[in-house]
Amino acid sequence: MVDVTHPLRSAAAPAAPAAKTGLNRLMRRRSSVAFLMCLPLIVIITSLVIYPAGYSMFLSTLNKAQTKFVGLDNFRFLLKRDVFLMVVWQSAIFAITAVLFKALIGLVTAHLVNNLPAKGQRKWRGMLLVPWVIPLALSTLSWWWLFDPTHSAFNYVIEAFGGEPIAWLGNPYWARFSVILVNVWYGAPFFLIMYLAALKSVPEQLYEAAKIDGANAWQQFIHVTLPMMRNIIAITVLFSLIVTFANFDIVQIMTAGGPRNMTHVFATYAFLLGIRSGDIPLGASVSLFMFPILAISAVFILRGVRKRGREIG
Amino acid sequence: MADVALRDVVKRFDNVEAVRQISLDIPDKEFVVLVGPSGCGKSTTLRMIAGLEEASAGDILIDGEKVNDVPPKDRDIAMVFQNYALYPHMTVFENMSFGLRLRRFPKAQIRERVEHAAKILDITDLLDRRPKQLSGGQRQRVAMGRAIVRNPKVFLFDEPLSNLDAKLRVQMRTEIKRVHQKVKTTTVYVTHDQVEAMTLADRVVVMNGGRIEQIGTPQELYHHPKTRFVAGFIGSPAMNFVPARLETNGSGLSLRVSDKYAFPVPATRTERYRPHVGKDLTFGLRPEHITEPRGEGRDPRSEFTVNLDVVEPMGMETMVFFTVGNTEVCSRVEPSAASGPGEPMRLYANLNHMHLIDPANDQVL
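Residues numbered from 1 in each chain as written. Chains lettered and ligands numbered in written order. Predicted model: local features only at pLDDT ≥ 70, side-chain atom pairs only at ≥ 80, totals over all residues. Heavy atoms only, no water.

Turning to the packing of helix α4 (residues 136-150) of chain B against helix α5 (residues 166-183) of chain B, a few remarks are in order. Residue and element names in this part refer to chain B. With their axes 11 Å apart at the nearest point, α4 and α5 run at an angle of 20 degrees to one another. Comparing the axis directions of α4 and α5 gives the class roughly parallel. As for how α4 packs across α5, the hand of that crossing is right-handed. When α4 is examined against α5, the residues G137, Q140, R141, M144 and I148 are found in contact with a partner set consisting of L168, Q171, M172, E175, I176, V179 and V183. (Axes fitted to C-alpha atoms, helices over the stretch in contact; angles between N-to-C directions. Helix = DSSP H or I, 4+ residues; strand = E, 2+ residues; numbered from the N terminus. Parallel < 35°, antiparallel > 145°, perpendicular 65-115°, else oblique. Left-handed = near helix turned anticlockwise from the far one by under 90°. Contact = heavy atoms within 4.5 Å.)

Written as structure tokens, this is what we have:
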């Protein structure tokens, strides 16, 4: 035990200066050592996350010139603007559909990869992770090129089959589809790798027991795989929801919120208002709007995770 | 309720033959134990009966029907796994009723069957708990309950007690025997523990290296092993094996185990052993048949004196170890009769229980 002071040792060194024994005692306590070891991280998080978050909260209560305290006026103003309400709606659609498809595709590919023979599996796993590994800005530029009005590779293929070319990023609905598509392409490998790990952690004997109990493949999935993966699914969905809600790069590079503001999400709209238009307090208010939505969903999801964790263990 | 039969069943994994052409008939209601050292193919055999492994050759029959191509779910079997394989997200009730729910049994009947099985296993109070909240022994009971409620044709047990501590293992062993006496379902039980095999089985199948060494009742295996492997595997502590040679001694035979010791072969066995006079043989005798001189009508020529190397008191009896030639020999003696280590002790070899093994083919003569 680290935190037990040895009586003989302290009796043998009575002359040690008080400050030193104080430090010794502090170091002997596990919790203080743990705290000291976490300190660098705490400092980083405080300076890079908590301070900016607090500062943006402060900013959101100021007027455009940042000279006057206006309370919640910025939020009141935003809630009256149609464009902002549209951004809330679009962010929700963007995040929810993207996460849904990422999770679905991740789950299906994880099953496919898991059923591959062990030899080829590593190769496939590596290849399928590529979208997640290359810098998002670069891959988004390639996608943007694929969607380009005149040089679109997709349109080339469509036209080769006699179809009408599509204005991928010019038509607001196709533009929404395109940014979601790129987000799914980018995010699905993360789900794949998490679900693959989860699948591998389900004991093989549970499937054997289920087979003997009379379960077919689908019933094994419903009654064994899914329940065993529920926690990892909940956590990945929550994590991905947070990241996708806050996504900036894909929308900014592909459409910059257009056409007609119909692909804006919180981050790009905050950027537009705060940096492009110079109303930093208003931009800060937009970015803060995500916070309560995500906080509430996090509370609910994590509560379920803890409950199941206790049950299954 | 059904019989199970294996006909020349082979299982190959890549290039390794795990099970080599075994045939076995298990009549209805019998409790058969497959026993053998690890890697002998016993679990693979069980898993082939379950349908979790495909037989590479040969036929598996349940109730007279060939089931090689029948998936496990349609074989109407139930299996208890070594690590229980309970569904952690389900309660005990849900675990036990899972098979019935999949088969769409009416709710009332499910409840009735689960409660009946729970009563047999004395786990009625645990039905609302989850596996995590149960002890090892309780989980084992639930795993058995899951098998019982199905009322299957065959029970399969895959080393079900090896995850339990020694005391609980003995307790659950009795429990399994009690359950089998109540429900009387054909049972195939795999274990590497010969004590478990002997205590539970109607018939024991001893396996080694993917082959069946011998099939028989526990008593048959103990008293009449057919091979050296069975002789050495069954019984604890294991049978002593000492190199020996048969010599003619007047009208009878005597067995010379060293320059110093020769024992008279019982008259009942002389005819059986006479053809092997002069050959190098292995003499097998269980520790319980080497004792301090006791019993009426013993042949005084079978008594001998040795210096003990090690003495292990067990309470009820004492194991003493000594060397004959280069072989260490174990003997079970009355604690009060045992000398100390290094001291001489008078012992008696009861050759009525002797075995002679031909070292050329390891068959018992």
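Between chain A and chain B, the residue contacts involve 21 residues of the former and 24 residues of the latter. Buried surface at the junction of chain A and chain B, both sides included, amounts to about 2000 Å², of which 62% is carbon and sulfur. Summed over the shared surface of chain A and chain B, the number is 2 salt bridges. Between E208(A) and R47(B) there is a salt bridge, with the nearest N and O atoms lying 2.6 Å from each other. (Buried area = accessible area lost by both parts, 1.4 Å probe. Salt bridge = Lys/Arg side-chain N within 4 Å of Asp/Glu carboxyl O.)

Here the focus is the sheet that holds strand β16 (residues 303-307) of chain B. All names here are of chain B. Ordered by their spatial adjacency, 3 strands build an open sheet running β15-β20-β16, and the pairing between neighbours is antiparallel. The open sheet has two edge strands, β15 (290-291) and β16, and neither has a second partner. Bridge count between β16 and strand β20 (residues 344-349): 5 bridges; the pairing is antiparallel. Looking at β20, one finds that T305 is bridged to R346. (Pairing = 2+ DSSP bridges.)

With that settled, consider the domain arrangement of chain B. All names here are of chain B. Per the domain assignment, the segments making up chain B are domain 1 (4-233) and domain 2 (253-364). A separation of 38 Å is found between the C-alpha centroids of domain 1 and domain 2. Carbon and sulfur atoms supply 49% of the area buried between domain 1 and domain 2, which totals about 770 Å² over both sides. Between domain 1 and domain 2 we count 0 salt bridges in total. Inspection of the region where domain 1 meets domain 2 yields 4 residue pairs in polar contact (both at pLDDT 80 or more). Counting residues per element, the ones that place at least two in the side of domain 1 that touches domain 2 are α7 (218-223) and α8 (228-233). Broken down by element, the side of domain 1 that touches domain 2 gets its largest block of residues, 3 residues, from α7. A per-class count over the side of domain 1 that touches domain 2 returns 4 nonpolar, 2 polar and 2 charged. (Domains from an automatic or database assignment. Polar contact = N/O pair within 3.5 Å; in protein donor to acceptor, adjacent residues only side chain to side chain. Nonpolar A, V, L, I, M, F, W, Y, C, P; charged D, E, K, R; others polar.)

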